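The residues making up each chain are set out below.
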Amino acid sequence: MKKTTQLKNLLLCGETEFILEAHNGLSAKIVEEAGFKGIWGSGLALSAQHAVRDNNELSWTQVVEALEFMSDATSIPILLDGDTGYGDFNNMRRLVCKLEQRDIAGVCIEDKLFPKTNSFIQGEQQELEDIDTFCGKIQAGKDAQQHDDFCIVARVEAFIAGWGLEEALRRGEAYRRAGADAILIHSKLSRPDEVLEFSREWDNRCPLVIVPTKYYSTPTEVFRDHDVSLVIWANHMIRSNITAMQATARAIHDSESLLDVEGQVATVSEIFRLQGADELLEAEKIYARSARPDASAIILAASRGQGMDELTRDRPKVMIPVAGKTVLRRQVDKFKAQGINNITVVAGYRSEAINEQGTAVVVNEDWQSSDELASLGCALDAISDDTVLIYGDLLFRTYILNNLMDWDADLLVVVDSSPLELAQGNSNDLAWCSAPDDRAMYQQRVSVEQIRSQGGWGGRAADGRWIGMLRARAAGRDQLLEALGQLRNEEGFTRFGVPELINRLVENGHSPQVQYISGHWMDINNLEDLQRAGDFARSQGS
Ligand code: SPV
Ligand code: MG
C-alpha cells in the first residue's frame, strides 16, 4: 500500500495509533522493526543528530535528504515535522512536491514564524503566524500534492505561545476548513489538561494528533478515551541514543579498553544485518560475475612432508617459506588474484601453525593414519559449485590457474606433458589420456583415462603427469561428491589419494578434461626440491 495511504489510514481508522521519532535511516529501520506503523521525522531530532539547533539551522534540503535515507530503509509512512513549511506558501508547495518525490507520506506544519524555535524553549515569547496566511500555506500545500492521500497536518501552537483554549480552537477550525487532514494540538504542560480540554471541545471534527513529551506520565488509556487519532512519541530514539553513546564513550575512555562495553553494544554483524549486507552478497552472485562469488579452493596440507625434519619440526610443509613467502601464501595470493576468496586449508600435522590470512582451516585429526581423500572428506562443506582442489606443496606459474579458471569444463585436471618431467624417474601421478598433447595453439579436447603412480597402464606410455590440481564445477561437483561417497564406503579409503577419485570419476562414465601444460610448476618433496623452489619462485613469478 502506498505510504501516503498508510498514513491516511492511521489518521482515519478510528483507533488511537502511535508513531515514533527517527532521525536517520538506521533509527527509522529500528522503529519499523519494533512494530510501529509510522515514523515521526522530528525536526528536533534531525537537527540534533547533526548537533545543530532546532531553529532551521538545518536547511530544508538537508532535511529532505535525510528523509530519503529513512524512507529508502523502511516501508512504513513518514510524517515529516516540517516546522513552518520553511517559508511562505510557495516554499510550502515546493516542499510538498519534493516530499512526494521521495515517498514521504505527509508533513506537519506549525503556525509560527520562520525561522522557528523549538516549542519548549521560551514558548510564551514565540509569535504565531497570522491565521489567514497560515491557511493559505495549508491550501497551497493541498493544491500542490499529487497523490490524494498525502497528508497535511496543521499544528496549533496557541497553548505553547501562551494563548487560551478559545484561540486554539479558532485556529484549529480555520486550519481544518483550509484543508488540513488533521490538527496537532501541542502543549508544554506536564499534565494533559490543555489537550484534553481541546479534544473535548473539538469533538472529532477531524483527526486529532498529540505529542505527549511533557505530559508523558498520562496513561495512554486517557488518550484513547479522548479519541486521539495519533500519538507522536517525538524524540525518544535520539534521546536513548544520546544516553547509550555517553555511557559507551565514558566507559571506553575511562577503562582504555573495550572489554567492559563489548557485551553491551550491538555486534558488528547486527550492523551488517540492519544494512542489508546479505542482500548484497546474494546480488553479487547474480550480477558481479567476474568476482567468482561461488568459487572456492581447497588446499590439502595435512602431511608433514618427508625428509625435511628440521624444517618441519614446528610447522607443516606448506608453511615453509620459499623466497620470503610460505608456499601456502603463494597459493592463496594466486587464488585471491583470481577472485577466489573462499579458501579452505585441510590441515593435520601442526595444524595450529597454519595462520595465513584469508583462509579457513579445517583439521583432519587422523592425518597420521589417513590420506588425501580422508582430508578432502573433512572439507565437504567447502566444496562449492566451482571448486579448485590442489596439493599444498605445489608451486606453479600464475597462468596455469588462470587457464584452469577460463576453461569451460565441468571436470578439469592439469597434466604436464613435458618430456623432462617424465624423464626424471619420478613415477608419481602419471596420467594416461585419450590423446597425447599435440602442442597445438588451440585447445585440444582430451580427457583423462587413468592416473597412477608406479607401473604402467595398458601397455601404453603415459601422456604426462597430473600436477595435483583439478577443478570441479556445476555437474562436475555432483559427480565428484558421488565418487567420493562411493570410495568412502570402500575398504582402503584411508589410503586413497586424489588419483583414486579421478579414476573413479572415469569408471563412473565421466570424462575429466585435460589441460595440458609444459613445465612451469614444481612440488616440494625433499630438501633438494626446496632449494630449487627459491629459484623457481623468483624466476617464474610463481
Ligand atoms: C519535534 O519533534 O521536533 C517537534 C515536537 O516539533 S517538539 O519538540 O515537542 O516541538
Ligand atoms: Mg519540531
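Note that this is a predicted model, so its numbers are computed, not measured.

(A) Examining helix α5 (residues 89–101) more closely. Taking 1.5 Å as the rise per residue, α5 with 13 residues should run 18 Å; its terminal C-alpha atoms sit 19 Å apart, in good agreement. By the burial criterion, the buried members of α5 are Met92, Leu95, Val96, Lys98, Leu99 and Glu100. Its buried side turned inward, α5 meets α4 (60–72), β3 (78–81), β4 (106–110), α6 (131–144) and β5 (151–156). The backbone nitrogen of asparagine 90 lies 2.9 Å from a side-chain oxygen of the residue at the head of α5, namely aspartate 88. Following α5 by one or two positions, aspartate 103 adopts a phi angle in the positive range, close to 65 degrees.

(B) Highlighting a nonpolar patch on the surface. A surface patch of nonpolar side chains, about 270 Å² in accessible area, is lined by Val268, Ile271 and Phe272. Among the secondary structure elements, phenylalanine 272 is positioned in helix α12 (residues 268–275).

(C) Representation of the site of ligand 1. For ligand 1, the full set of nearby residues is Trp40, Ser42, Gly43, Leu44, Asp81, Asn118, Ser119, Phe120, Arg155, His186 and Ala234. Separating an oxygen atom of ligand 1 from a side-chain N or O atom of tryptophan 40 is a distance of 3.1 Å. At 2.7 Å, a side-chain N or O of serine 42 approaches an oxygen atom of ligand 1. Against a free-state accessible area of 280 Å², the protein chains account for coverage of 100% of ligand 1. Within the shell around ligand 1, the residues separate by chemical class into four nonpolar, five polar and two charged.

(D) Molecular detail of the pattern of salt bridges. Evaluated as defined, the whole model comprises 43 salt bridges. Between glutamate 173 and arginine 177 there is a salt bridge, with its nearest N and O atoms 3.0 Å apart. One end of the pair, glutamate 173, and the other, arginine 177, are both in helix α7 (residues 165–178), four residues apart, so they sit about a helical turn from each other. Each of the salt bridges in this network shares a partner with another, and the network as a whole consists of Asp54, Asp83, Glu110, Lys112, Lys116, Arg155 and Glu157.

(E) Spatial organisation of the side chain of aspartate 83. For aspartate 83, the position within the fold is in the loop between β3 and α5. Each residue touching aspartate 83, except ones within four places of it in the same chain, is listed here: Asp54, Asn56, Cys108, Ile109, Glu110 and Lys116.

(F) View of the nonpolar core. Formed by 56 residues in total, the largest nonpolar core has its most connected members in Leu80, Val107, Tyr175 and Ile183. Filtering out sequence-adjacent residues up to four positions away, leucine 80 remains in contact with Trp40, Gly41, Leu46, Val63, Leu67, Tyr86, Leu95, Leu99, Ile104, Gly106, Val107 and Cys108. Counting residues in hydrophobic clusters, the runner-up holds 34 residues, among them Val346, Leu373, Tyr391 and Phe493.

(G) Quick peek at unusual backbone geometry. The step from phenylalanine 114 to proline 115 runs through a cis peptide bond, and the omega angle for that step is -5 degrees. On the secondary structure map, proline 115 appears in the loop between β4 and α6. A positive phi is found at alanine 51, a non-glycine position, where the angle reads about 60 degrees. Along the polypeptide, alanine 51 turns up in the loop between α3 (43–48) and α4. By relative accessible area, alanine 51 is classed as exposed at 71%. Of note in this structure, aspartate 227 is not a glycine but carries a positive phi near 55 degrees. Tracing the sequence through the fold places aspartate 227 in the loop between α9 (220–225) and β8 (230–233). Exposure remark for aspartate 227: the relative accessible area of 43% places this residue in the partly exposed category.

Conventions used here
- Residues numbered from 1 in each chain as written.
- Chains lettered and ligands numbered in written order.
- Predicted model: local features only at pLDDT ≥ 70, side-chain atom pairs only at ≥ 80, totals over all residues.
- Heavy atoms only, no water.
- Helix = DSSP H or I, 4+ residues; strand = E, 2+ residues; numbered from the N terminus.
- Expected span 1.5 Å × (residues − 1).
- Buried < 20%, exposed > 50% of the residue type's maximum accessible area, 1.4 Å probe, protein only.
- Contact = heavy atoms within 4.5 Å.
- Polar contact = N/O pair within 3.5 Å; in protein donor to acceptor, adjacent residues only side chain to side chain.
- Patch = residues over 30% accessible without salt bridge, like charges linked within 9 Å, V, L, I, M, F, W, Y side chains within 5 Å.
- Areas by Shrake-Rupley, 256 points an atom, 1.4 Å probe, with all protein chains shown as cover.
- Salt bridge = Lys/Arg side-chain N within 4 Å of Asp/Glu carboxyl O.
- Near = heavy atom within 4 Å.
- Nonpolar A, V, L, I, M, F, W, Y, C, P; charged D, E, K, R; others polar.
- Core = buried A, V, L, I, M, F, W, Y, C linked by side-chain atoms within 4.5 Å.

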